[in-house]
Amino acid sequence: MARKSKLILSINQSLDRRELGYYSTPNFVAKYIYQRLLEINPKGLSVLDTCVGNEELLQPFFETNIACTGIDIFQHKENYKCNFIHNNFLDCYESFITLNDKSLSNYDFLIANPPYNCHELEYISNNKKKLQNLFPKIGVHNMYSMFMAAMIDMAKEGAVLGFIIHDSFLTSKSHYELRLKILENCVIHDIILAPIDLFHSQKADVRTAIVILEKTKIKNQMSINLQNRSKNTTDFEKKLLKNQKNQVDFSNFILKNQKDNFEFITDISPSIIDLFKHKRINDLFNCVTGISTGNDKKYLSPVPTPDKSIPFFKNPGNKKFFCIENAYLINHFLEERKNIKNFMVRNIPLMGKDGITCSSMGVEFS
């Protein structure tokens with residue numbers, strides 16, 4: 001997230017997407033979510049979109065007799081097809097928790113493309129104590145996880161939930177409690193990783209996934225539908241149209257080792273999963289982190305220069321098994337870290353010594 005001032009603008013001004021965390025849902029994604037919800041519950045008569053935006057996710061429902069309701073903190077247009085409630089969904093959840101207000105708990109379907117903002121958001125900072133009381137286990141790491149948890153809590157037994165949502169909840173340690181909430185309260189029907197260019201036209205580079213859940217006390221799930229990340233949006237749309245998914249044994253979906261915090265894994269072969277039963281690298285070696293410049297363009301050079309001559313390995317995980325330095329760091333990096341907040345140098349005593357380097361490879365690995 002950009003660390004800049006952010007404002008919520010009025011209806012007659014252009015939106016600051018970073019503040020609202022709002023990105024328009026592609027039509028083919030909305031259609032897929034609609035079809036899956038109706039496949040699971042063909043008798044459903046009502047749907048609630050908790051962050052309705054411009055009603056993109058609701059469009060397929062308008063062609064049916066299903067009653068449509070949408071909530072949004074921001075009024076994106078003058079006239080809505082749905083029953084529009086101008087409110088903050090998290091305030092509605094607070095009423096559900098504190099006043100036992102169940103007026104939004106009778107819907108057959110709940111859908112959302114929730115905000116993707118993180119803890120830096122001004123709303124979270126200004127309301128942290130209240131939000132921490134509402135989400136004591138889930139935490140206030142970002143908006144989407146709070147929306148997801150609140151929707152699960154408010155949904156009635158048998159309700160089907162459909163999301164296009166940030167996928168960090170699948171493996172992030174900070175979302176351990178959210179994963180437990182999902183496992184304890186829901187059957188997971190689909191997790192389909194979306195390509196990272198899905199929102200490129202809206203100048204957003206976010207990793208998302210389509211998630212289909214069913215709230216139920218019955219816990220006899222045997223399998224789950226998974227789809228790995230497509231190379232691009234065109235390929236992704238074709239797969240959704242053809243309903244291409246892999247049905248996987250549910251026992252191969254979760255890493256149950258205590259070290260793994262019940263991480264959700266998608267479309268990975270059993271031979272890879274078996275590796276997690278062995279000792280980890282940090283059982284054998286000290287695993288440490290290194291340097292984050294916060295501004296590579298300013299502090300790194302592709303070739304050595306008089307003021308940038310320290311060999312640097314930028315994203316070595318993108319290279320297979322071996323790499324040489326591919327950038328050169330400023331000579332005075334130790335001094336710079338004292339003056340620049342987001343120029344971070346960790347484990348200084350190990351700088352310049354022999355060792356093994358690796359990098360986060362989340363997109364490639366998933």
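The structure contained in this document is the topic of the report that follows.

1. Points about the pairing of strand β1 (residues 46–49)
Along β1, one buried face is formed by Ser46 and Leu48 and the opposite face, lined by Val47 and Asp49, is buried too. Strand direction decides the pairing type here: β1 and strand β2 (residues 67–72), joined by four bridges, are parallel. Across the sheet, residue Leu48 finds its bridge partner in β2, namely Thr69. Strand direction decides the pairing type here: β1 and strand β4 (residues 109–112), joined by three bridges, are parallel. When the sheet's bridge partners are listed, Val47 is paired in β4 with Phe109.

2. Brief notes about the pattern of salt bridges
Under the defined criterion, the tally for this structure stands at 14 salt bridges. Two residues, Asp190 and Arg36, come together in a salt bridge whose shortest N-O distance is 2.8 Å. Here Asp190, found in strand β6 (residues 186–193), pairs with Arg36, found in helix α2 (residues 27–40); they are 154 residues apart in sequence, far enough to count as distant. Residue Asp190 is classed as buried on the basis of its relative accessible area of 0%. Its relative accessible area of 8% is what places Arg36 among the buried residues. For the salt bridge of Asp260 with Arg280, the shortest nitrogen-to-oxygen distance reads 2.9 Å. Of this pair, Asp260 sits in the loop between β10 (254–255) and β11 (263–264) while Arg280 sits in the loop between α10 (270–275) and α11 (281–284), placing them 20 residues apart in sequence. Residue Asp260 shares its accessibility class with Arg280, and that shared class is buried. One network of salt bridges, in which partners are shared, links Arg36, Glu39 and Asp190.

3. Comments concerning the side chain of Lys181
Relative to the assigned elements, Lys181 resides in helix α8 (residues 176–185). Here Lys181 falls in the buried class, since its relative accessible area comes to 16%.

4. Describing the packing of helix α7 (residues 143–154) against α8
Running from amino to carboxyl end, α7 crosses α8 at an angle of 20 degrees, the nearest separation of the two axes being 11 Å. With respect to each other, α7 and α8 are oriented roughly parallel. Relative to α8, the crossing made by α7 is left-handed. Contacts between α7 and α8 pair Ser145, Met148, Ala149, Ile152 and Asp153 from the former with Leu178, Lys181, Ile182 and Asn185 from the latter. For the contact of α7 with α8, a count of residues per class yields five nonpolar, two polar and two charged.

5. Looking at the packing of aromatic side chains
Under the definition given, this model contains 12 aromatic pairs. Geometrically, the ring pair formed by Tyr34 and Phe61 is edge-to-face, given 5.0 Å between the ring centres and 85 degrees between the ring planes. Placement of the pair is Tyr34 in helix α2 and Phe61 in helix α3 (residues 59–62), with a sequence separation of 27 residues. Relative to Phe135, the ring of Tyr93 has its centre 5.1 Å away and its plane inclined at 15 degrees; by these criteria the two rings are stacked. A residue pair is termed long-range when its members are at least 10 positions apart, and Tyr93 in helix α4 (residues 89–99) and Phe135 in the loop between α6 (128–134) and α7 qualify at 42 residues. Aromatic rings pair up to connect Phe169, Phe250, Phe253 and Phe264 into one cluster.

6. Structural notes on the environment of Ile191
Within the secondary structure, Ile191 is located in strand β6. Judged by relative accessible area, Ile191 falls into the buried class, the value being 1%. Residues Ile191 and Ile210 lie 19 residues apart in sequence; the distance between their C-alpha atoms is 5.7 Å. Other than its neighbours up to four places away in sequence, Ile191 contacts Leu170, Ile210, Val211, Ile224, Asn225, Leu226, Gln227, Phe253, Phe264 and Thr266.

7. Let's talk about α7
When the terminal C-alpha atoms of α7 are compared, their 16 Å separation across 12 residues agrees well with the 16 Å that a helix rising 1.5 Å per residue should span. Most of α7 sits inside the fold, with 11 of its 12 residues counted as buried. Listed in full, the buried residues belonging to α7 are Met143, Tyr144, Ser145, Met146, Phe147, Met148, Ala149, Ala150, Met151, Ile152 and Met154.

8. Remarks on α2
In this model α2 runs 20 Å from its N-terminal to its C-terminal C-alpha over 14 residues, within 8% of the 20 Å that 1.5 Å per residue would give. Those residues of α2 not exposed but buried are Phe28, Val29, Ala30, Tyr32, Ile33, Tyr34, Arg36, Leu37 and Leu38.

9. Some points on the sheet that holds strand β14 (residues 308–312)
Taken together, three strands build an open sheet; the order of strands is β13-β15-β14 and the sheet is antiparallel. Sheet topology places β13 (300–301) and β14 at the edges, where each strand pairs with a single neighbour. Pairing of β14 with strand β15 (residues 327–330) involves four bridges; the strand directions are antiparallel. Bridge pairing in β15 links Lys308 to Ile330.

What counts and what doesn't
- Residues numbered from 1 in each chain as written.
- Predicted model: local features only at pLDDT ≥ 70, side-chain atom pairs only at ≥ 80, totals over all residues.
- Heavy atoms only, no water.
- Buried < 20%, exposed > 50% of the residue type's maximum accessible area, 1.4 Å probe, protein only.
- Helix = DSSP H or I, 4+ residues; strand = E, 2+ residues; numbered from the N terminus.
- Pairing = 2+ DSSP bridges.
- Salt bridge = Lys/Arg side-chain N within 4 Å of Asp/Glu carboxyl O.
- Axes fitted to C-alpha atoms, helices over the stretch in contact; angles between N-to-C directions.
- Parallel < 35°, antiparallel > 145°, perpendicular 65-115°, else oblique.
- Left-handed = near helix turned anticlockwise from the far one by under 90°.
- Contact = heavy atoms within 4.5 Å.
- Nonpolar A, V, L, I, M, F, W, Y, C, P; charged D, E, K, R; others polar.
- Phe/Tyr/Trp six-rings, centres within 6.5 Å; stacked < 30°, edge-to-face > 60°.
- Expected span 1.5 Å × (residues − 1).

These figures capture arrangement, not role.
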